[in-house]
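# Descriptive structure summary
The primary structure of each chain is shown beneath.
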Amino acid sequence: MLEIKSNGPNETQMVAEKLAALLQPNDLILLIGDLGSGKTTFTQGLAAGLKIDHHVKSPTFNIVNEYHQGRLPLFHLDVYRLEKTGGADLGLEEYFNGGGVSVVEWPKFISQELPPEFLQIKLQRGVTIHDDDQRKLVFTANGVRYQQLLLDLKLQLKK
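Keep in mind that this is a model prediction, so the values were computed, not measured. Per chain, residue numbering runs from 1 following the sequence as it is written. The model is predicted, so local features are restricted to residues of pLDDT at least 70 and side-chain atom pairs to those at 80 or more, both for listing and for counting; the totals for chains, interfaces and linings are taken over all residues. Only hydrogens and water are set aside; all other atoms, that is, all heavy atoms of the structure, feed into the side-chain values.

## What about helix H1 (residues 9-20)?
Helix and strand definitions follow DSSP, with helices as H or I runs of at least four residues and strands as E runs of at least two, each counted in order from the N terminus. Under the convention used throughout, the expected extent of a helix is 1.5 Å for every residue step, that is, one less than its residue count. The end-to-end C-alpha separation of H1 is 16 Å, in line with the 16 Å expected for 12 residues at 1.5 Å each. For every residue, the accessible area obtained with a 1.4 Å probe (protein chains only) is divided by the maximum for its type, and the residue is called buried under 20%, exposed over 50%, and partly exposed between those limits. Among the residues of H1, Thr 12, Val 15, Ala 16, Leu 19 and Ala 20 are the ones counted as buried. Looking straight down H1, one finds its buried side chains confined to an arc of 140°; they lie on one side. Contacts are assigned to residue pairs with any non-hydrogen atoms lying within 4.5 Å of each other. Turning to H1, the residues buried within the fold contact strand E1 (2-6), strand E2 (28-32), helix H2 (39-49), strand E6 (118-125), strand E7 (135-142) and helix H4 (144-158). Note that the arc is defined by the directions from the helix axis to the C-beta atoms.

Here is the structure:
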């Protein structure tokens, strides 16, 4: 596990950019947090780190936004609308095994469809009562690949 305090959107995106430099095809990142906690901001940082020169926005109504212009494709999934139905019929494994990086917001709604290994990032708002721009990012690795990824990220953040 790795905990990082961010003092604003720029710092959150910088952490995501450093993570993006370490990502490989078929990596899966699960983003957990309340509305406005910074999930899309984090994904924007990932896109920048993957050299995707495209405005990244939440795919709430589309469920999936795909970006193919960077070092790796980015599949940004917001599965909030699947709260009652799940994602069994959506072919999500095609994204998870599609040679890109899959980022899933609200993963609890498709928990049955998720592979066993992934990197989970929990974003919490307002680390202190005085600054709503602050976030606490809690990274949890599930699987050997993601444990190594967290070790590598710790080294990147020290640079």
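This is not the end of the story, as more comes after the structure.
## A word on the sheet that holds E1
The 7 strands are arranged E1-E7-E6-E2-E5-E4-E3 in an open sheet whose pairing can be described as mixed. Bordering the open sheet on either side are E1 and strand E3 (64-67), each of which pairs with just one other strand. Put simply, the sheet's adjacent strands are angled 20° from each other on average, direction ignored. For two strands to be treated as a pair, DSSP must find at least two bridges joining them. The pairing of E2 with strand E5 (residues 101-105) spans 4 bridges and is parallel. Among the inter-strand pairings, Leu 28 is bridged to a residue of E5, identified as Ser 102. Interaxial angles span 0 to 180 degrees and are taken between N-to-C directions of axes, which are lines fitted to C-alpha atoms, for helices over the stretch in contact.

## Thoughts on H2
Among the 11 residues in H2, 8 count as buried, and that is most of the element. Here the buried face of H2 lies against H1, E2, strand E4 (74-78), E5, E6 and E7. Positive phi appears at Lys 51, one or two residues downstream of H2, with a value of about 65°.

## Overview of the nonpolar core
Core analysis: the biggest nonpolar cluster contains 47 residues, and Leu 19, Ile 29, Phe 42, Leu 46, Ile 121 and Phe 139 have the highest contact counts within it. Filtering out sequence-adjacent residues up to four positions away, Ile 29 remains in contact with Leu 19, Leu 23, Leu 46, Val 101, Ser 102, Val 103, Val 104, Leu 119 and Ile 121. Buried Ala, Val, Leu, Ile, Met, Phe, Trp, Tyr and Cys residues form a nonpolar core when they are joined through side-chain atoms within 4.5 Å.

## Considering the pattern of salt bridges
Basic side-chain nitrogens of Lys or Arg form a salt bridge, by our definition, when they fall within 4 Å of a carboxyl oxygen of Asp or Glu. For the structure on display, the rule yields 2 salt bridges. A salt bridge links Glu 3 to Lys 136; its shortest N-O distance comes to 4.0 Å. Here Lys 136 lies in strand E7 and Glu 3 lies in strand E1, a separation of 133 residues in the sequence. Judged by relative accessible area, which is 47%, Glu 3 ranks as partly exposed. One salt bridge connects Asp 27 with Arg 145, and the closest N-O pair in it is separated by 2.6 Å. Of this pair, Asp 27 sits in the loop between H1 and E2 while Arg 145 is found in helix H4, placing the two residues 118 residues apart along the sequence. Exposure remark for Asp 27: the relative accessible area of 3% places this residue in the buried category.

That is the geometry; function is a separate question.
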